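These are the residues of each chain, in order.
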Amino acid sequence: MADLSINLAGIKSPNPFWVASGPPSNTAYQAHRAFEAGWGGVVWKTIGDAVVNVSSRYSALNVGTVRMAGFNNIELTSDRSPETNFREIVEVKRRWPDRVIVASLIVDTRERWHEFVRRSEDAGADGVELNFGCPHGMCERGMGSAVGQQPAVTEKIVSWVMEVARIPVIVKLTPNITDITQAARAARRGGANAVSMINTINSITQVNLDRLVPEPEVGGLSTHGGYCGPAVKPIALNMVQSCAADPEVGLPISGIGGIANWRDAAEFIALGATGIQVCTAIMHHGFRIVEDMADGLSDYLDAKGFKSVMDLVGKAVPNVRKWEALDLNYKRVARIDYDKCIGCNLCYIACEDGAHQSIDLVPPNGRGLGPGRVPGKPIPQIREEDCVGCNLCANVCPAEGCITMASIDRGLQKMSWKDYQEKLARGEVKPIPAHP
Ligand SMILES: Cc1cc2nc3c(=O)[nH]c(=O)nc-3n(C[C@H](O)[C@H](O)[C@H](O)COP(=O)(O)O)c2cc1C
Ligand code: SF4
Ligand code: SF4
């Protein structure tokens, strides 16, 4: 069985699954529950001066029957005193010495950063995470994303922390920035041991059209919140990969954003994360999701012949390149498995109105009928010579595995746009004609 343990910048964890800083990591009671369920680490709800929160605080984007496809909050950092938080970290660490506790911190001056790092160490924390990402409330006070959005300030504060830190320092980055690698490079220059990403994304999820106030509403007003949950996973994956691929970042990454199952976790790890953190999925389904995550990741690693989760870290990073490196002569076409087709014709209308008019509706002529098909109703048929392989029909098709995309060997040599420009300049190829 594959070894699930990880070592993130010197922090050893029995598995890569950590609870992210947020409501599920607010108290010792919850940390005990998390560890009982099997989580390898808990990043404590951010500790600083105790804040005063508003009511209400959360809002969600529901898509069809999927609840909380995206999730939004206007909650601040811990509303409990630093004394309570540090005392509870001592308690939890004493009971769970083999698990990881990371103290997430947010303060302002150099002296206070020094004080809070020392207090975290004294409490037995395995590391600290600097919250440079909170995108509401705290940034108005010059903390959170106000720091993470300015690389020079990030570098400065990290360097203050490194003056005293004896345990690993993770810098949690904000996605509310044009190029996250600039923030990650600044963390590296300041001396950080690792980065974590992403914190939440500025967002308004919905407006109550009777009252004309967005949710979450606080006495007739609202404010932009931080977006997270499944909807942010693609954004987080891109940011993790871009930092993992950047030699000037060169730091281990703790991946966060929309992770809910073992596949999500494996994707983050393959794109360069050494471990992952979860918040929204725990708020939705509870701590026990970690059981399936651990089983699923372990089975996947065994099936693929990886001896340890660390062997998977970053394996997909080199496969993400600039657009100019992609092969212009590679060709895919859509193929339909008529035994699975339910005859909804969503693929036909998508290709006709939204893509490249490469699907005909034709008589079935005895071709297999999938569940729910109306006998005699025309069926979609792909004209492979016109199909550009855009994947749209496969994405809209509601019948799992019904439309697959097949690679076609056209006997052409690989040629990227970069090669093409060079060959054109040398007169070795003719210009590729524009699509009719
Ligand atoms: C209600 C709520 C409160 C949060 N509070 C904090 C916090 O105090 N400190 C912090 O660093 N991140 C905080 N986060 C952000 C999460 O740690 C995480 O970065 C983000 O939610 C993305 O992960 P997810 O999609 O798994 O939720 C909070 C998130 C939510 C939903
Ligand atoms: S979308 Fe899928 S199920 Fe619907 S007609 Fe097209 S191939 Fe068949
Ligand atoms: S892959 Fe694109 S172009 Fe080809 S049939 Fe599907 S929607 Fe049409």
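Remember, predicted model here, so these are calculated numbers, not experimental data. (Residues numbered from 1 in each chain as written. Chains lettered and ligands numbered in written order. Predicted model: local features only at pLDDT ≥ 70, side-chain atom pairs only at ≥ 80, totals over all residues.)

1. Observations regarding the sheet that holds strand 3 (residues 17–19)
Strands belonging to one sheet form pairs held by backbone hydrogen bonds; the direction of such a pair is parallel or antiparallel. To keep it simple, the criterion reads: Paired strands, in this sense, are two strands between which DSSP finds at least two bridges. Counting from the N terminus, the helices are the DSSP runs of H or I reaching at least four residues and the strands are the DSSP runs of E reaching at least two. A fitted line through C-alpha atoms represents every axis, and for helices the fit uses only the stretch in contact; the resulting angles, taken between N-to-C directions, go from 0 to 180 degrees. We call two residues in contact when the distance between their C-beta atoms, placed using the backbone, is within 7 Å.
Pairing within the closed barrel is parallel, and its eight strands lie in the order 3-4-7-8-9-10-15-16. On average, adjacent strands in this sheet sit at an angle of 25° to one another, irrespective of strand direction. Alignment of strand 3 against strand 4 (residues 41–43), held across two bridges, turns out to be parallel. Paired with Val-19 across the bridge in strand 4 is Val-42. Along the sheet face, helix 8 (residues 262–270) touches strand 3, strand 15 (253–256) and strand 16 (273–278) and points at about 145° away from the line of strand 16.

2. Some words on the domain arrangement of the chain
Filter applied, for reference: The domain boundaries here were taken from an automatic or database domain assignment.
Segmenting the chain into domains produces domain 1 (6–317) and domain 2 (323–425). Taken over C-alpha atoms, the centre of domain 1 sits 40 Å from the centre of domain 2.

3. Topic: the site of ligand 1
To keep things clear, this is the line we draw: Think of it this way: take the backbone, place a C-beta atom on it, and check whether that atom is within 6 Å of the molecule or strand, in which case the residue is near it. The nonpolar class holds Ala, Val, Leu, Ile, Met, Phe, Trp, Tyr, Cys and Pro. Asp, Glu, Lys and Arg form the charged class, and all remaining residues, Gly among them, are polar.
The environment of ligand 1 is made up of 28 residues, and the closest members are Ala-20, Gly-22, Cys-228, Cys-279 and Thr-280. Those elements giving two or more residues to the shell around ligand 1 turn out to be strand 6 (66–73) and helix 9 (280–285). Its residues assigned to classes, the shell around ligand 1 shows 11 nonpolar, 14 polar and three charged.

4. What to know about the site of ligand 2
Not every one of the 13 residues close to ligand 2 is listed here, only the nearest: Cys-341, Cys-344, Cys-347, Cys-397 and Ala-399. Taken together, the residues of the shell around ligand 2 break down into 11 nonpolar, two polar and no charged.

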